[in-house]
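# Remarks on the overall topology
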Amino acid sequence: MLKRSSTTTRKKTSLPFAVKWRRDWQMVLLMIPGVVFLLAFFYLPVLGNVVAFQDFQPYLGIMHSEWNGLQNFVSLYDNPDFWDALRNTLLLAAVQLLLFFPVPIGLALIVDSLISNKIRRWFQTIAYLPHFLSWVLVVTLFQQSLGGAGFINNLLRHAGLNPIPFMTNPDTFPLLVVAQLIWKDAGWAMIIFLAALTTVDVSLYEAAAADGAGRWRRLWHITLPSLRTVIVLLLILRIGDILSVGFEQFILQRDSVGPGAAEVLDTFTYYAGVVGGDWSSGAAAGLAKGVVGALLLWGANSLAHRLGEPGIFQRRGA
């Protein structure tokens, strides 16, 4: 009886479409450009994945190119360059996840603990700015600082020491990549954690302080649990996008450290499909990457549900 009455009440309180339109037509009009942009540049290009199942010839087009089933995926399986790119991608993604992901959380905690609003604004501004620089400029700045003729190595030469190949050492390239990523995007990534910190009830800190809890205990028992849902949400999104470690950052440094260290799935797809002219293999690699990313996203979200977190989507009625 309760379910039936609640359903009846929900139906009675729902507004007719005409009333909703008169109330929200301005918002709908504002939404149209965004929807058109998504359709044109995100959803319609998905139809081009049929190239992965064809022996695609640009002059013949999609409609007249021959179908070859899963042959392109078999060729990828037999291509050692693909497996090298996959190994590099997983290695770099793991390093980024371990070293980069905690940095925005730490920055948000530091900013939130600053008492002076003026210092806080200056800190945030300085941390945000690198995000708006292109990767070309970021790599150039690192080259001028850490390159063979850069500032640091010139100081080492003047001190009678041997220069260190920061920018050309394949063994330390993952650490270099993470350092560039932290410098560029850690400040921007902390915004969402700062927003989450504003929702924490101040009375909780006051009660904990009255009970004798110090700064670290308040951080461990109040602040971090308050950020748990946001941390899990962003971690799920990062796991789903784990195979996309970046394109510009790696293609700009690929020649300096060699393809053995800097070749990832994105650059492999570019060189195989665009540069090499094998459009079908490039499309197959991109489609395989997207499918694996979707499976990882689903798996991470399901694990979050088992841990009692809402995740990014839930089953209806859950």
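Quick caveat: nothing in here was measured; it's all calculated off a predicted structure.

Right, let's talk about the packing of aromatic side chains for a bit. By the definition in use, this model includes 12 aromatic pairs. Among the aromatic residues, those joined into a cluster by ring pairs are Tyr77, Phe82, Trp83 and Phe268.

Our next topic: the layout of surface pockets. Reported here for the largest pocket is a volume of approximately 550 Å³. Around the largest pocket, the lining is made up of 21 residues, and of these Phe100, Leu181, Ala189, Arg238 and Asp241 lie nearest the centre. For the lining of the largest pocket, the elements supplying multiple residues, two or more each, are α5 (80-99), α10 (173-197), α12 (215-240) and α13 (248-251). The leading source of residues in the lining of the largest pocket is α10, at 5 residues. Partitioning the lining of the largest pocket into residue classes produces 13 nonpolar, 4 polar and 4 charged.

Sequence positions flagged by UniProt for "transmembrane region" (unreviewed entry) are, in local numbering, residues 27-46, 90-111, 132-152 and 186-207. Within residues 186-207, the helical portion is 82% and the strand portion 0%, while the C-alpha atoms at the span's ends are 32 Å from each other.

Turning our eyes to something else, we now look at the packing of α10 against α12. Put simply, α10 and α12 touch, their axes get as near as 10 Å, and they point 140° apart. With respect to α12, the element α10 is oriented oblique. Between α10 and α12 the crossing geometry is right-handed. Residues Ile192, Phe193, Ala196 and Leu197 of α10 touch α12, and the partners they reach there are Thr223, Leu227, Val230, Ile231 and Leu234. Class assignment of the residues belonging to the contact of α10 with α12 gives a composition of 8 nonpolar, 1 polar and no charged.

Our focus in this paragraph is helix α7 (residues 117-128). Its 12 residues give α7 an end-to-end C-alpha distance of 16 Å, which sits within 8% of 16 Å, the value for a rise of 1.5 Å per residue. The set of residues buried in α7 consists of Gln124, Ala127 and Tyr128. Angular distribution of buried residues about the axis of α7 spans 95°; they occupy a single face of the element. Of the residues in α7, the exposed ones pointing more than 90 degrees away from the buried face are Lys118, Ile119, Trp122 and Ile126.

Turning to the UniProt feature "domain: ABC transmembrane type-1" (unreviewed entry) in the chain, a few remarks are in order. The residues that UniProt annotates with the feature "domain: ABC transmembrane type-1" (unreviewed entry) are residues 86-300. Its end C-alpha atoms 20 Å apart, residues 86-300 is made of 76% helix and 0% strand.

What counts and how
- Residues numbered from 1 in each chain as written.
- Predicted model: local features only at pLDDT ≥ 70, side-chain atom pairs only at ≥ 80, totals over all residues.
- Heavy atoms only, no water.
- Phe/Tyr/Trp six-rings, centres within 6.5 Å; stacked < 30°, edge-to-face > 60°.
- 1 Å grid on protein atoms, 1.4 Å probe; cavity = no way out; pocket = protein on both sides within 12 Å on 5 of 7 lines; lining within 4 Å.
- Points joined across faces, edges and corners; volume = space filled by probe spheres on them.
- Helix = DSSP H or I, 4+ residues; strand = E, 2+ residues; numbered from the N terminus.
- Nonpolar A, V, L, I, M, F, W, Y, C, P; charged D, E, K, R; others polar.
- UniProt positions renumbered as here; feature names shortened; annotations may be inferred.
- Axes fitted to C-alpha atoms, helices over the stretch in contact; angles between N-to-C directions.
- Parallel < 35°, antiparallel > 145°, perpendicular 65-115°, else oblique.
- Left-handed = near helix turned anticlockwise from the far one by under 90°.
- Contact = heavy atoms within 4.5 Å.
- Expected span 1.5 Å × (residues − 1).
- Buried < 20%, exposed > 50% of the residue type's maximum accessible area, 1.4 Å probe, protein only.
- Arc of directions from axis to C-beta.

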